[in-house]
Amino acid sequence: GGTGPSFGGNGTGVAVMFSSARDATISSTSPTANFGLTTSCSISGGEVTSSCLLKWDLGSIPTNAVIDAAQFVFDFHDGSVSSFDIHQVNGAWQEVDVNWTKRDAANNWSSPGCNSVPSDRTSAPVATFVGKAGVQSITLKSLGRAMVQNWVVNPAANKGIIIRNTTGTLDRLSMRSAQYSDASSRPRIWISYH
């Protein structure tokens, strides 16, 4: 529910929200298990390492659009005091096949867990946040906006994002996934463009 964020600007822009994500947890403790159709996506660090992959189809945005602002909106059903990083994914993956070892039915990640830079993901995070419980909006700064701009101009470049806990502390954060029953709690991306 609710309206989108207030992006500012001169009033000529368009703000759109995408909620039909594809997402999956990948877990080092279950390296061959697929969690693409579960109602939750989990990120943890320390002894148990899992990450959350997400991707939205932005094909309805014209390829000549200029991205003014973008936000991820996630509904965390447990909280954390740790920092979590969001990276751009560079390797294509399939929601119903992906796991810690494989990105799709036929191909492995270059390094398990989508950990090879740059073939699996970018080195620099596009955003960092502390995972508080509840609905949280994560505004993308220049690096994140450039990622979204690239996805719009070149849709084939959109391989989505991965959320990782890089602090090494044994901490877990879980969010409602795209399969969650209440559509308003599913992972969303808000984009403002002109």
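In every chain, residue numbers begin from 1 and rise along the written sequence. The predicted nature of this model means local features are confined to residues of pLDDT at least 70 and side-chain atom pairs, given and counted, to a pLDDT of 80 or more, with totals for whole chains, interfaces and linings taken over all residues. Side-chain numbers here rest on the full set of heavy atoms in the structure, without hydrogens or water.

Draft legend 1. Spotlight on the overall build of the chain. Going along the chain from the N terminus, every DSSP run of H or I of four or more residues is numbered as a helix, and every run of E of two or more is numbered as a strand. A count of helical and extended segments in the chain gives 1 helix and 11 strands. When the helices and strands of the chain are listed from N to C terminus, the series reads β-β-β-β-β-β-β-β-α-β-β-β. As defined in this context, the radius of gyration uses C-alpha atoms, and a globule is described by 2.2 Å times the residue total to the power 0.38. The C-alpha radius of gyration of the chain comes to 16 Å, within 12% of the 16 Å expected for a compact globule of 194 residues. Seen through its C-alpha atoms, the chain measures out along the principal axes to roughly 50 × 35 × 30 Å. With a 1.4 Å probe rolled over the protein chains alone, any residue whose accessible area is under 20% of its type maximum counts as buried; one over 50% counts as exposed, and the rest are partly exposed. Per-residue burial for the chain yields a buried fraction of 45% across its 194 residues. With an accessible surface of roughly 8600 Å², the chain has 51% of that area assigned to carbon and sulfur atoms. Note that His is not counted, nor are the chain ends; the positive residues are Lys and Arg, and the negative ones are Asp and Glu. In plain terms, the charge of a residue is placed at NZ if it is Lys, CZ if Arg, CG if Asp and CD if Glu. Within the chain, one finds 14 positive and 13 negative side-chain charges whose respective centroids are separated by 4 Å. Per-residue and other accessible areas follow the Shrake-Rupley method at a 1.4 Å probe size, with only the shown protein chains counted as cover for residues.

Draft legend 2. Region of interest: the pairing of strand 3 (residues 40-44). The buried count for strand 3 comes to 4 of 5 residues, which makes it a mostly enclosed element. Any two strands between which DSSP finds at least two bridges are classified as paired. Pairing of strand 3 with strand 10 (residues 172-176) involves 5 bridges; the strand directions are antiparallel. Following the sheet pairing, C41 is matched in strand 10 by M175.

Draft legend 3. Local environment of helix 1 (residues 142-153). Spanning 12 residues, helix 1 covers 16 Å between terminal C-alpha atoms, matching the ideal 16 Å at 1.5 Å per step. Contacts are assigned to residue pairs with any non-hydrogen atoms lying within 4.5 Å of each other. Against the buried residues of helix 1 lie strand 5 (67-76), strand 6 (83-88), strand 9 (161-164) and strand 11 (188-193). In this analysis, the expected span of each helix is defined as 1.5 Å times one less than the number of residues it contains.

Draft legend 4. Spotlight on the confidence of the model for the chain. Residues at a pLDDT of 70 or more form 93% of the chain, whose mean pLDDT is 92. Per-residue confidence from the predictor is reported as pLDDT, a score between 0 and 100. Model confidence for the chain, summarised as mean pLDDT per element, is weakest for strand 10 at 93 and strongest for helix 1 at 98.

Draft legend 5. A look at the state of the cysteines. Whenever a pair of cysteine sulfur atoms sits within 2.5 Å, that pair is classed as a disulfide. In total, this model carries 1 disulfide according to the counting rule given. Across the disulfide from C41 sits C52; the S-S distance is 2.0 Å. The disulfide joining C41 to C52 has a torsion of about 110° about its S-S bond and is therefore right-handed. You can see C41 sitting in strand 3 and its partner C52 sitting in strand 4 (residues 50-55), a full 11 residues away along the chain. Note on accessibility: C41 and C52 belong to one class, buried. For the unlinked cysteine C114, the closest cysteine sulfur is that of C52, found at 12 Å. By relative accessible area, C114 is classed as buried at 0%.

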